[in-house]
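So the chains spell out like this:
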Amino acid sequence: MKFPLTDQLIAEARRFELRSACRDCFYFVGGACAHAWPDEGQGRWPLDAVDPATGARPEFVSFCKEFELK
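Residues numbered from 1 in each chain as written. Predicted model: local features only at pLDDT ≥ 70, side-chain atom pairs only at ≥ 80, totals over all residues. Heavy atoms only, no water.

Enquirer: What should I look at first to understand the pattern of salt bridges in this one?
Expert: Pairs can form between side chains of opposite charge once their charged atoms are near each other. Inspection of the entire model under this criterion finds 3 salt bridges. The partner of Asp 7 in a salt bridge is Arg 57, and the shortest N-O contact between them spans 3.1 Å. Of this pair, Asp 7 sits in helix H1 (residues 7-15) while Arg 57 sits in the loop between strand E3 (32-33) and strand E4 (60-62), and the two are 50 residues apart along the sequence. A residue is classified by how much of its surface remains accessible, and Arg 57, at 37% relative accessible area, is partly exposed. Across the pair Asp 48 and Arg 14 runs a salt bridge whose closest N-O atoms are separated by 2.9 Å. Here the residue Asp 48 occupies a position in the loop between E3 and E4, and Arg 14 occupies one in helix H1, the gap between them amounting to 34 residues. (Salt bridge = Lys/Arg side-chain N within 4 Å of Asp/Glu carboxyl O. Helix = DSSP H or I, 4+ residues; strand = E, 2+ residues; numbered from the N terminus. Buried < 20%, exposed > 50% of the residue type's maximum accessible area, 1.4 Å probe, protein only.)

Printed below as a string of structure tokens:
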């Protein structure tokens, strides 16, 4: 699920300590997704980290529907 990466979302993610990256997911085992889902930016943390492919902050953030906090 994709959402616009706004300054408000970034501020709230920091304020409420949002965890949504693969590294925090129960299904991320041995450095890979147990469901074999592709990484659509969910592995990047924090949400506003520069995208290595573009060198810029992403405009959208993707949240995995299978995410389960460890």
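Enquirer: Before we go on, may I ask you to explain H1 in this structure?
Expert: Along H1, the positions that sit buried rather than exposed are Leu 9, Ile 10 and Ala 13. Viewed end-on, H1 has its buried residues packed into an arc of 100 degrees, placing them on one side of the element. What points out from H1, more than 90 degrees from its buried face, is the exposed set Asp 7, Gln 8 and Arg 15. Those residues of H1 hidden inside the fold are in contact with strand E1 (2-4) and E4. Glu 17, located one to two residues past H1, shows a positive phi value of around 55 degrees. (Arc of directions from axis to C-beta. Contact = heavy atoms within 4.5 Å.)

Enquirer: Even after reading the chapter, I still don't get the nonpolar core, so can you show me in this structure?
Expert: One recurring pattern in soluble globular proteins: nonpolar side chains tend to sit buried together. Leu 5, Leu 9, Ile 10, Ala 13, Leu 47, Val 61 and Phe 63 form the largest nonpolar core, which has 7 residues in total. Sorting elements by how many residues they give to this core places H1 first, with 3 residues. If sequence neighbours within four positions are ignored, Val 61 has contacts with Met 1, Lys 2, Phe 3, Leu 5, Leu 9 and Leu 47. (Core = buried A, V, L, I, M, F, W, Y, C linked by side-chain atoms within 4.5 Å.)

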